[in-house]
Amino acid sequence: TSYTLTVNLFRFALSLYPPADTVGAGNDTSTVVTTSLISPTSQTVTFSAERVPPDASVSFSPENCEPTCSPTMTVSTSTSTPTDNYQIDVIGSAEGGTEDTVVYSVRVTDVPDQITDLVAATDALGNQINLSWSAPFEGSNAITQYRIYRGTSPDGEGSTPIGTTSSTNYTDTGLSFGTVYYYK
């Protein structure tokens, strides 16, 4: 008498999109946890997280699923979550000890980032410059005003703003034709 034993090992792999994010303290961020089936058989995978930032929590929706599936992981920070860079271990576990782990990078901040994509354009007469930029990530503090500083040499913009704006553009007028201006 002979017997045949076929063993189908359950295997899966996790991936994240996006794999990293920046969040203001007191706000939430989320990522999709794609759970891909590698083996021919499937079973339920349950999700958990380790190395969660202080005063923050992690939830999954749904909390478990059978691959291939894509639950959403939400990281909820509080206003007391310290600003820092964190590496959260995202763990998928199945019966029999099968696991996979991926790392979600989260930067918690409470101050806005710097502006990006600054464009300066002169008018036809060269006596004004129109500045425009992309709004930065705000952190947990909403940006209510941009201060504009001008100088005629690099790092010579001074400490007194020439103007303020609540929008992402500003027109600097009354300039001298042919003079190079620097802004911050």
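Residues numbered from 1 in each chain as written. Predicted model: local features only at pLDDT ≥ 70, side-chain atom pairs only at ≥ 80, totals over all residues. Heavy atoms only, no water.

Student: Help me understand the overall build of the chain, please; the structure alone is not making it clear to me.
Tutor: The helix and strand inventory of the chain stands at 0 helices and 16 strands. Here the C-alpha atoms of the chain give a radius of gyration of 26 Å, more than 25% beyond the 16 Å that 2.2 N^0.38 yields for 184 residues. Across the chain, every contact between residues at least 6 apart in sequence was considered, and the portion connecting residues at least 24 apart equals 59%. Carbon and sulfur atoms make up 46% of the accessible area of the chain, which amounts to about 10,800 Å² in all. Across the chain, the 6 positively charged side chains and the 19 negatively charged ones have centroids separated by 10 Å. (Helix = DSSP H or I, 4+ residues; strand = E, 2+ residues; numbered from the N terminus. Rg over C-alpha atoms; globule rule 2.2 N^0.38 Å. Contact = heavy atoms within 4.5 Å. Areas by Shrake-Rupley, 256 points an atom, 1.4 Å probe, with all protein chains shown as cover. Lys, Arg positive; Asp, Glu negative; His and termini not counted. Charge placed at Lys NZ, Arg CZ, Asp CG, Glu CD.)

Student: Explanation requested: the pattern of salt bridges in the structure shown.
Tutor: Two side chains of opposite charge can pair, provided their charged atoms sit close to one another. For the structure shown, the criterion picks out 2 salt bridges. The partner of Asp89 in a salt bridge is Arg51, and the shortest N-O contact between them spans 3.0 Å. With Asp89 in strand β8 (residues 84-93) and Arg51 in the loop between β4 (45-50) and β5 (56-61), this pair connects stretches of sequence that are 38 residues apart. Here Arg150 ties to Asp172 by a salt bridge, and the two come within 2.7 Å at their closest N and O atoms. Residue Arg150 is located in strand β13 (residues 150-151), and its partner Asp172 is located in strand β15 (residues 169-173); the two are separated by 22 residues in the primary sequence. The class for Asp172 is buried, based on a relative accessible area of 3%. (Salt bridge = Lys/Arg side-chain N within 4 Å of Asp/Glu carboxyl O. Buried < 20%, exposed > 50% of the residue type's maximum accessible area, 1.4 Å probe, protein only.)

Student: Before we go on, may I ask you to explain the packing of aromatic side chains in this structure?
Tutor: Two measures describe an aromatic ring pair: the distance that separates the ring centres and the angle between the ring planes. This structure, assessed with the given rule, holds 3 aromatic pairs. Geometrically, the ring pair formed by Trp133 and Tyr146 is edge-to-face, given 5.3 Å between the ring centres and 70° between the ring planes. Here Trp133 is found in strand β11 (residues 128-134), whereas its partner Tyr146 is found in strand β12 (residues 146-148), with 13 residues between them in sequence. The ring of Tyr149 has Lys184 sitting right over it, with the charged end atom 5.5 Å from the ring centre. (Phe/Tyr/Trp six-rings, centres within 6.5 Å; stacked < 30°, edge-to-face > 60°. Lys NZ or Arg CZ within 6 Å of the ring centre and 35° of its normal.)

Student: What is the right way to look at the sheet that holds strand β10 (residues 116-122) in this model?
Tutor: By definition, the strands of a sheet pair up through backbone hydrogen bonds, in either a parallel or an antiparallel sense. Read across the sheet, 3 strands follow the order β10-β11-β15 without closing on themselves; strand pairing throughout is antiparallel. A single partner strand is all that each edge strand has here, and the edge strands are β10 and β15. Mean inter-strand twist for the sheet, computed between neighbouring axes without regard to direction, equals 15°. As defined by bridge partners, β10 adjoins β11 across 5 bridges and the pair is classed as antiparallel. Note that in β11 the partner of Thr116 across the bridge is Ser134. (Pairing = 2+ DSSP bridges. Axes fitted to C-alpha atoms, helices over the stretch in contact; angles between N-to-C directions.)

Student: Would you mind showing me how to read the environment of Thr44 here?
Tutor: Structurally, the position occupied by Thr44 is in the loop between β3 (28-37) and β4. Residue Thr44 is classed as partly exposed on the basis of its relative accessible area, which comes to 35%. Spatially, the C-alpha atom of Thr44 lies 68 Å from that of Leu175, the residues being 131 residues apart in sequence. Beyond its immediate stretch of four places on either side in the chain, Thr44 contacts Asn64, Cys65, Glu66, Ser93 and Ala94.

Student: Sorry if this is basic, but what is going on with unusual backbone geometry here?
Tutor: Comment: phi is negative for the bulk of residues other than glycine, and the bulk of peptide bonds are trans. Following Ser61, the chain continues to Pro62 via a peptide bond in cis, the omega torsion being -5°. For Pro62, the position within the fold is in the loop between β5 and β6 (64-65). The linkage connecting Pro67 with the following residue, Thr68, adopts the cis geometry, with an omega of 0°. Counting through the fold element by element, Thr68 comes out in the loop between β6 and β7 (72-77). In the Ramachandran plot, Arg51 falls in the positive-phi region, its phi being about 60° despite a non-glycine side chain. Of note in this structure, Asp117 is not a glycine but carries a positive phi near 60°. Note on Asp117: relative accessible area 56%, which makes it exposed.

Everything listed is a geometric property; what it means functionally is a separate question.
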